[in-house]
Amino acid sequence: MVYGEQESVDALQTALLSQLEVTDEGDLHYWLGEALLEYSDDPVVIREGIYHLVHSLRLLSQTSEDNTYGKAKLKRNCLSTAMRLRQIRNGRRINVSHDLVIDICKLAVGLDPENYLPWSLLSQEYAETMQYKKGLETGMRALELNPRDSYAHNAVAKCYEGIGEVEKARHHFMLRARLQNTPDGYRIVTDYLERMGEINSALDMARTWLELEPRNPLAYQRVEQLSERLGSQEYAYSDILKHESGIKRKNAMEEEVIYRAVATGES
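Within any chain, residue numbers begin from 1 and follow the written order of that chain's sequence. With pLDDT at 70 or above as the cut-off, local features in this predicted model cover only qualifying residues; side-chain atom pairs require 80 or more to be listed or tallied, and sums for whole chains, interfaces and linings still use all residues. Remark: hydrogens and water are excluded; side-chain values derive from all non-hydrogen atoms of the structure.

What follows covers the overall build of the protein chain. Regarding its fold elements, the protein chain presents 14 helices and zero strands. Numbering of helices and strands runs from the N terminus, with a helix taken as a DSSP run of H or I at least four residues long and a strand as a DSSP run of E at least two residues long. Seen in sequence order, the protein chain has helices and strands lined up from the N terminus as α-α-α-α-α-α-α-α-α-α-α-α-α-α. Under the scheme applied here, a residue whose accessible area is under 20% of the maximum for its type counts as buried, over 50% as exposed, and between as partly exposed, the area being computed with a 1.4 Å probe on protein chains only. By residue count, 46% of the 267 residues in the protein chain fall in the buried class. We call two residues contacting when some pair of their heavy atoms lies within 4.5 Å. Excluding contacts between residues fewer than 6 apart, the proportion of contacts in the protein chain whose partners are at least 24 apart in sequence is 52%. Areas reported as accessible are Shrake-Rupley estimates using a 1.4 Å probe. Residue values count occlusion only from the protein chains shown. Carbon and sulfur atoms make up 52% of the accessible area of the protein chain, which amounts to about 14,300 Å² in all.

Take a look at the structure:
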């Protein structure tokens, strides 16, 4: 935090609180909640910030029925609040109720049903709470609206795995990794393929993960573990650190062949 920023935040909180003494306006609660969450790691302050965000939605819901501007604010606040609460939970700052986030996502879907994002967030919440049928319905709706939403593909994949549809799960896990093209995407696919007993394919994905993060010891460890299960031995981690460029990137054609093989289960 740069010098003077905390003073500005304190002044903003003071101004918002003083204004709330005059009027209980929903949007003021929202901005106060955002300010509290943005600049504090104190669990008490985080809970207070969450209270103000959620209270903002309650107030705006009551007053925005015949108010176009108020409805626009409610639509914006629903999405940002749902994403903020998921961020807090995933960052392990404090536990956030899945039911609360689901209710907010449902409200967001009702306000903006042609927007893929609230459907995607809702599907992720359902997948994480093992409500697989609902997760598939909402996730597939998100993908109808945006086929390139990697997070919806991930939620749909989890739901298909949960109901035992392994081929469909593999397909969506692979699409998630390919669309996102991040180490985390390939890590998830590696873990899934290993759970399915597809060690050769899991090793291919772990190698791709390692190529994206050549200095990550966890990525190397996964390559090593999978290699050992197949009775082979991969390069030493110390060699990778010395010669990062020594890990040859696959060309586009090779990546396409590997993708098709893993996505379809063919050798």
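A separate point is helix α11 (residues 199–212). The end-to-end C-alpha distance of α11, which contains 14 residues, comes to 20 Å, matching closely the 20 Å that a straight helix rising 1.5 Å per residue would cover. Taken across its 14 residues, α11 has ten buried, putting it largely inside the fold. Listed as buried for α11 are Ile199, Ser201, Ala202, Leu203, Met205, Ala206, Thr208, Trp209, Leu210 and Glu211. To estimate how far a helix should extend, the number of its residues minus one is multiplied by 1.5 Å.

Bringing the packing of aromatic side chains into the picture now. Note on ring pairs: Phe, Tyr and Trp rings are taken, using the six-membered ring of Trp, and paired if centres are within 6.5 Å. Classes follow the plane angle, with under 30 degrees stacked, over 60 edge-to-face and the rest tilted. In total, this model carries two aromatic pairs according to the counting rule given. When the ring of tyrosine 30 is compared with that of tryptophan 31, the centres are 4.9 Å apart and the planes differ by 80°; the resulting orientation is edge-to-face. For tyrosine 30, a relative accessible area of 4% gives the class buried. Aromatic pair phenylalanine 173 and tyrosine 192: ring centres 4.7 Å apart, planes at 40°, arrangement tilted. Of this pair, phenylalanine 173 sits in helix α9 (residues 166–180) while tyrosine 192 sits in helix α10 (residues 183–195), placing them 19 residues apart in sequence. By the burial criterion, phenylalanine 173 is buried, and tyrosine 192 matches it.

Axis lines are fitted through C-alpha atoms, for helices just across the contact stretch, and the angle between N-to-C directions can take any value from 0 to 180 degrees. With their axes 7 Å apart at the nearest point, helix α2 (residues 26–38) and helix α3 (residues 43–63) run at an angle of 160° to one another. With respect to α3, the element α2 is oriented roughly antiparallel. Crossing geometry of α2 relative to α3 is assigned as left-handed. Between α2 and α3, the contacting residues are Gly26, Asp27, His29, Tyr30, Leu32, Gly33, Glu34, Leu36 and Leu37 on the first element and Val45, Ile46, Glu48, Gly49, Ile50, His52, Leu53, His55, Ser56, Leu59 and Leu60 on the second. For this classification, the nonpolar set comprises Ala, Val, Leu, Ile, Met, Phe, Trp, Tyr, Cys and Pro, the charged set comprises Asp, Glu, Lys and Arg, and every other residue, Gly included, is treated as polar. Residue composition of the contact of α2 with α3, by class: ten nonpolar, seven polar and three charged. Angular relationships are summarised with four words: roughly parallel below 35 degrees, roughly antiparallel beyond 145, roughly perpendicular across 65 to 115, and oblique for the angles in between. Helix crossings fall into two classes, left-handed where the near helix is turned counterclockwise from the far one by less than a right angle and right-handed where it is turned clockwise.

Moving on: the nonpolar core. As used in this record, nonpolar core signifies buried Ala, Val, Leu, Ile, Met, Phe, Trp, Tyr and Cys residues forming a set joined through side-chain atoms within 4.5 Å. Of all hydrophobic cores here, the largest spans 56 residues; its most connected members are Ile50, Leu85, Ile88, Val96, Phe173 and Val189. For this core, the element with the most residues is α11, which contributes seven residues. Discounting chain neighbours no more than four positions away, the residues touching valine 189 are Phe173, Met174, Ala177 and Met205.

This paragraph deals with the side chain of arginine 84. With respect to the helices and strands, arginine 84 occurs in helix α4 (residues 68–90). Taking the relative accessible area as the measure of exposure, arginine 84 reaches 12% and is therefore buried. There is a polar contact of 2.5 Å between the side chain of arginine 84 and the side chain of glutamate 34. Setting aside residues up to four positions removed in sequence, arginine 84 forms contacts with Glu34, Leu37, Glu38 and Leu53. Two N or O atoms form a polar contact when they lie within 3.5 Å of each other; inside protein one atom must be a possible hydrogen donor and the other a possible acceptor, and for residues adjacent in sequence the pair counts only when both atoms belong to side chains.

Moving on: the pattern of salt bridges. When a carboxyl oxygen of Asp or Glu is within 4 Å of a side-chain nitrogen of Lys or Arg, the pair counts as a salt bridge. Overall, the coordinates contain 18 salt bridges when judged by the stated rule. For glutamate 128, the salt bridge is made with arginine 89, and the minimal N-O distance between the two is 3.4 Å. Linking glutamate 128 in helix α6 (residues 116–128) with arginine 89 in helix α4, this pair joins segments that are 39 residues apart in sequence. Residue class for arginine 89 comes out buried when judged on its relative accessible area of 11%. The partner of arginine 195 in a salt bridge is glutamate 161, and the shortest N-O contact between them spans 2.8 Å. With arginine 195 in helix α10 and glutamate 161 in helix α8 (residues 150–162), this pair connects stretches of sequence that are 34 residues apart. Taking relative accessible area as the criterion, arginine 195 reaches 48% and is therefore assigned partly exposed. Taken together, the salt bridges that share partners define one network made up of Arg176, Asp184, Arg187, Asp191, Glu194, Arg222 and Arg229.

Mapped onto the secondary structure, glutamate 213 falls in the loop between α11 and α12 (217–229). Along the chain, glutamate 213 and proline 183 lie 30 residues apart, while their C-alpha atoms are 6.7 Å from each other. Dropping the residues within four chain positions of it, glutamate 213 is found in contact with Pro183 and Ala219.

This is a description of form; function is not addressed.
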